[in-house]
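Reading the structure
The lines below spell out each chain.
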Amino acid sequence: MSEQRVPEVPDPPTIRAAIGLGCRAPSVHNTQPWRWVFDGTRLHLLRDTDRQLTAADPRARQAVISCGAALHHVRTAFASHGWRTDTVRLPDPPRPDLLATLEFQPWPNPPMGVFRRAEAISRRYTDRLPLAEPVGWGSVRLALDDLVSPHEVTLDVLDEDARARLSVASEQSDALRHYDMDYQGELRWWAGHPGTPEGVPPSALVSESERSRVGVARKFPTPGPSARRGDLHDHARLVVLTSTDETPSTWLHTGEALSAVLLECTASGMSSCALTHITELSAGRRLLSSLIAHPGIPQVVIRIGTAPDDQQPPPTPRRPLVDILTVQ
Ligand SMILES: Cc1cc2nc3c(=O)[nH]c(=O)nc-3n(C[C@H](O)[C@H](O)[C@H](O)COP(=O)(O)O)c2cc1C
């Protein structure tokens, strides 16, 4: 009689700790559009379709990218607890909301980079203020190329003279949406409210004068006048993640690559901000495509720089674990 292998799985406290840490992942407008189900053996990642931004993200592209970021965060957290997660993406085509299924293997010696990036999870945040040039960029840039390549995403660093053109595209995207009541309503719903477990709180937002010194940022509701980093104009590197096609699988991989980039930058002492308002409109995508030297579909722009001070806002809120994790 052949012996059946009993799969080894992490204990419930480890599962809760890893998912709790992983859900510090960034998401569009902090919508946190994910759910996790542990069935006793495997862990499933589902997209919470009720949390889609129907005006800004009608195809759920950014929702899936956000779930990809959470997937990478969670896998990094499990790896740092000694668990490898073998992942099947989009395992059941008739169920497109089921984005990934993970199986566990003990992993006593994960690569050192895993611990650096896991430790960076709780320190990472979106910095919307102007940033200084990233210190030590040369070596970090090489590491980022290695981190995104398994996800079949390319990482391009734009020339400094691309910034002016991107600023124009950014302003145009704001102007085009100025009278789009659905887009504006969605933005006001998700941004600028204190004391909720989701959305972008006022403490994470910037004033009009601070945003004008960044030039390429999405226009959120402004929390009132302030002039932090008053003498600084943004010198962040502008990086673009570009995919080969437009499928949920590609978007999921893009989110994983985004997470890897943000965590590696945090681990290297850099600050960052993901930007997608330019890739939400076809004119912005065309401009970005013209700025990179190869074919592909620009998905996310990332500002990467050095914060010249410790003006880090309080951590953005997250939904309680009971709302996003089901243990069967
Ligand atoms: C797919 C995606 C798109 C995003 N787009 C923008 C954006 O256009 N502008 C911006 O300021 N932040 C953007 N963000 C950052 C989120 O608003 C941020 O992750 C969220 O509010 C949680 O805050 P935290 O990153 O500080 O934890 C984006 C994040 C993701 C994952």
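Residues numbered from 1 in each chain as written. Predicted model: local features only at pLDDT ≥ 70, side-chain atom pairs only at ≥ 80, totals over all residues.

What follows covers the overall build of the chain. Across its full length, the chain holds ten helices and nine strands. Taken over the C-alpha trace, the chain has a radius of gyration of 19 Å; the compact-globule value for 328 residues is 20 Å, and the two agree within 12%. Along the first, second and third principal axes, the C-alpha atoms of the chain reach 70 × 45 × 40 Å. Counting every position in the chain, which comprises 328 residues, the buried fraction comes to 42%. Contacts in the chain between residues at least 24 apart in sequence constitute 76% of all its contacts with a sequence separation of at least 6. (Helix = DSSP H or I, 4+ residues; strand = E, 2+ residues; numbered from the N terminus. Rg over C-alpha atoms; globule rule 2.2 N^0.38 Å. Buried ≥ 20, exposed ≤ 12 C-beta atoms within 10 Å, placed from the backbone. Contact = placed C-beta atoms within 7 Å.)

Bringing the site of the ligand into the picture now. The immediate surroundings of the ligand are formed by 22 residues, with Pro26, Asn30, Tyr125, Thr126 and Thr316 found nearest. Looking at the shell around the ligand, the elements that each hand over two or more residues are α2 (61–80) and β7 (271–275). Element by element, the count of residues in the shell around the ligand is highest for α2, at four residues. When residues of the shell around the ligand are assigned to domains, at least three fall in each of domain 1 (12–123 + 316–327) and domain 2 (137–305). (Near = placed C-beta within 6 Å. Domains from an automatic or database assignment.)

A word on the nonpolar core. One finds Val64, Cys67, Ala70, Val148, Leu258 and Val261 to be the most contacted residues of the largest nonpolar core, which totals 68 residues. Per-element accounting of this core gives the leading share, eleven residues, to α2. Each of two domains, domain 1 (12–123 + 316–327) and domain 2 (137–305), supplies a minimum of three residues to this core. One finds Trp190, Ala191, Val200 and Phe220 within the second-largest nonpolar core, a separate group that totals six residues. (Core = buried A, V, L, I, M, F, W, Y, C linked by C-beta atoms within 7 Å.)

With that out of the way, let us pick up the sheet that holds strand β1 (residues 34–38). Pairing within the open sheet is mixed, and its five strands lie in the order β3-β4-β2-β1-β9. Where the open sheet ends on each side, the last strands, each with one partner, are β3 (83–89) and β9 (325–327). Strand-to-strand twist across the sheet, computed as the mean angle between neighbouring axes with direction ignored, equals 20°. The sheet contact formed by β3 and strand β4 (residues 98–106) spans seven bridges and is antiparallel. Residue pairing in the sheet places Asp86 in a bridge with Glu103 of β4. (Pairing = 2+ DSSP bridges. Axes fitted to C-alpha atoms, helices over the stretch in contact; angles between N-to-C directions.)

This part takes up unusual backbone geometry. Its identity is not glycine, yet Asn30 carries a phi of approximately 55°, on the positive side. Relative to the helices and strands, Asn30 resides in the loop between α1 (12–22) and β1. With 21 C-beta atoms counted inside 10 Å, the residue Asn30 sits in the buried group.

Taken domain by domain, the chain holds domain 1 (12–123 + 316–327) and domain 2 (137–305). The straight-line distance from the C-alpha centre of domain 1 to that of domain 2 is 21 Å. Tallying the contact residues gives 36 residues for domain 1 and 34 residues for domain 2. Listing elements by their share of the side of domain 1 that touches domain 2, those giving two or more residues are α2 and α3 (112–120). For the side of domain 1 that touches domain 2, the element with the highest residue contribution is α2, accounting for twelve residues. Of the residues that constitute the side of domain 1 that touches domain 2, the class distribution is 18 nonpolar, eleven polar and seven charged. (Nonpolar A, V, L, I, M, F, W, Y, C, P; charged D, E, K, R; others polar.)

On to the environment of Val88. Inspection of the secondary structure puts Val88 in strand β3. For the pair Val88 and Leu258, spaced 170 residues apart in sequence, the C-alpha to C-alpha distance is 19 Å. If near-sequence neighbours (up to four positions away) are discounted, Val88 is found in contact with Ala100 and Thr101.

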